[in-house]
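# Coordinates in review
In case you want the letters, here they are:
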Amino acid sequence: MTTSILIQARQLPLLTKMADYIAICKAKVVLLLVLTAWVGLALAPDMSRSIWLQLASLAGIGVLAAAAAAINHVVDREIDRQMARTRHRPVAMERLSTKQALWFAALMTVCGTTLLIFAANLLCAMLTLASLVGYAVVYTSFLKRRTPQNIVIGGLAGAMPPLLGWVSETGALAAEPWLLVMIVFTWTPPHFWALAIARRQDYARANVPMLPVTHGVEFTKLCILIYTIILTLVCVLPYLIGMSGWVYLASACVLNGMFLQKAVELWRRGNDQMAMRVFRFSILHLLLLFVALFIDRWV
Ligand code: HEM
Ligand SMILES: CC(C)=CCC/C(C)=C/CC/C(C)=C/COP(=O)(O)OP(=O)(O)O
């Protein structure tokens, strides 16, 4: 009895370490990114590869996105320490050293790239690596610290997975997946700025020039509304070019109607709680929108 308790106690630090490594991968974000990549893959023409190669390609994209997230934890550790939302992160708390996190990220980068080269193709591997650099280096190290347009420009990296999924299948660029990239690209500002309104004190304390800090809450609410309107228009494009049908269009209309209603409410008289509702809804919105695209393809 005593021995088994002792063994369990010895395993605890190992389990905590594993939990910390998982935490720096931003698993929930990566899962949604992989879903958008999967839809890009599913909408590609002439899907002829085996399901195993397709799954390996999605895993490669996910592993490289997780590597980008791990590097973000290292680069941002000083900022993370100053914000209530992020101060408990493993690297900020020094439960994981920067060296451990960087080795972990390097290992994932090598594994993810190898998977993509062999299961998909070189173009897909290069574009995914470019997205990693876009998020972990361009956005995190430069844009985030310099301009309130940080997430608009940096958002391109997070918007790339549908294109990556498509290219994993076809090995070539095409116009259609760029429409899906545009959807995630225009979705990102309402997604993030809603959270940034509710957490503006955090960003101000850490000296990060997020829009509500530099230009105020009212202007940010207006920008959220404008981007939500643009998103609504962009979401119709897949239907207009014949890439998707009525199932998608009907779902997009309902989801965008709800998103617009929340954005208007936030703009007119929203408080921080309302901003958090918009943030949480944005995640459900993108999830369901891409599920609708997927279902539409197969009905
Ligand atoms: C530059 C672009 C983006 C920025 C700045 C951003 C920012 C954020 C922030 C600050 C959070 C809160 C995380 C936390 O509570 O610790 C968050 C959550 C989340 N984001 Fe984004 N995001 C971006 C793009 C994306 C993209 C492209 C996706 C997926 C396609 C995504 C999916 C999610 C999900 C699923 C969550 C919830 C995570 C959780 O509950 O743990 N984000 N985002
Ligand atoms: C290879 C590939 C597809 C890369 C995609 C990279 C990726 C994980 C994009 C998601 C964007 C994201 C979670 C931003 C968080 O912003 P933040 O870092 O400012 O937020 P934080 O304060 O929560 O750290």
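Since this is a predicted model, take the numbers as computed values, not measurements. (Residues numbered from 1 in each chain as written. Chains lettered and ligands numbered in written order. Predicted model: local features only at pLDDT ≥ 70, side-chain atom pairs only at ≥ 80, totals over all residues.)

A word on the site of ligand 1. In the vicinity of ligand 1 there are 19 residues, among which Lys-28, Val-29, Leu-32, Ile-151 and Gly-158 approach most closely. Elements supplying a minimum of two residues to the shell around ligand 1: helix 2 (27-42), helix 7 (150-159), helix 9 (175-198) and helix 14 (272-298). Looking at the shell around ligand 1 residue by residue, the classes come out as 11 nonpolar, six polar and two charged. Split by domain, the shell around ligand 1 shows at least three residues from each of two domains, domain 1 (13-173) and domain 2 (174-299). (Near = placed C-beta within 6 Å. Helix = DSSP H or I, 4+ residues; strand = E, 2+ residues; numbered from the N terminus. Nonpolar A, V, L, I, M, F, W, Y, C, P; charged D, E, K, R; others polar. Domains from an automatic or database assignment.)

What follows deals with the packing of helix 6 (residues 122-146) against helix 8 (residues 161-170). For the pair helix 6 and helix 8, interaxial distance at closest approach is 8 Å and the crossing angle is 165°. Taken together, the axes of helix 6 and helix 8 lie roughly antiparallel to each other. Here the hand of the crossing between helix 6 and helix 8 comes out left-handed. Note on element contacts: helix 8 touches helix 6 through Leu-163, Leu-164, Val-167 and Ser-168, opposite Leu-123, Cys-124, Leu-127 and Thr-128. For the contact of helix 6 with helix 8, the residue count by class is six nonpolar, two polar and no charged. (Axes fitted to C-alpha atoms, helices over the stretch in contact; angles between N-to-C directions. Parallel < 35°, antiparallel > 145°, perpendicular 65-115°, else oblique. Left-handed = near helix turned anticlockwise from the far one by under 90°. Contact = placed C-beta atoms within 7 Å.)

Once that is clear, we can look at the confidence of the model for the protein. This prediction gives the protein a mean pLDDT of 96; 97% of its residues lie at or above 70. Model confidence for the complex is summarised by a pTM of 0.95, with the ipTM given as 0.96. (pLDDT = per-residue confidence, 0-100.)

When a protein is soluble and globular, its nonpolar side chains tend to lie buried together. Formed by 90 residues in total, the largest nonpolar core has its most connected members in Ala-66, Ala-67, Ala-68 and Ala-70. Broken down by element, the residue count for this core peaks at 14 residues, all from helix 9. The two domains that each donate at least three residues to this core are domain 1 (13-173) and domain 2 (174-299). Residues within four places of Ala-67 in sequence aside, it is in contact with Ala-105, Met-108, Thr-109, Gly-112 and Leu-132. (Core = buried A, V, L, I, M, F, W, Y, C linked by C-beta atoms within 7 Å. Buried ≥ 20, exposed ≤ 12 C-beta atoms within 10 Å, placed from the backbone.)

Here we come to the site of ligand 2. Neighbouring ligand 2 are 20 residues, the closest being Ala-65, Ala-68, Ser-131, Tyr-135 and Gly-158. Elements with a minimum of two residues in the shell around ligand 2: helix 2, helix 3 (51-75), helix 6 and helix 7. In terms of residues, the shell around ligand 2 owes the most to one element, helix 6, which gives six residues. For the shell around ligand 2, the per-class residue count stands at 11 nonpolar, six polar and three charged.

This part covers the environment of Leu-156. By secondary structure assignment, the location of Leu-156 is in helix 7. Of the residues examined, Leu-156 has 18 C-beta atoms within 10 Å and is grouped as partly exposed. Along the chain, Leu-156 and Met-93 lie 63 residues apart, while their C-alpha atoms are 30 Å from each other. Every residue in contact with Leu-156, bar those within four places of it in the chain, is listed here: Gly-134 and Phe-185.

This paragraph deals with the domain arrangement of the protein. Assigned domains of the protein: these are domain 1 (13-173) and domain 2 (174-299). Taking only C-alpha atoms, the centre of domain 1 and the centre of domain 2 are 21 Å apart. Every element with two or more residues in the side of domain 1 that touches domain 2 is listed here: helix 2, helix 4 (77-82), helix 6, helix 7 and helix 8. Classifying every residue of the side of domain 1 that touches domain 2 by side-chain character gives 19 nonpolar, seven polar and four charged.

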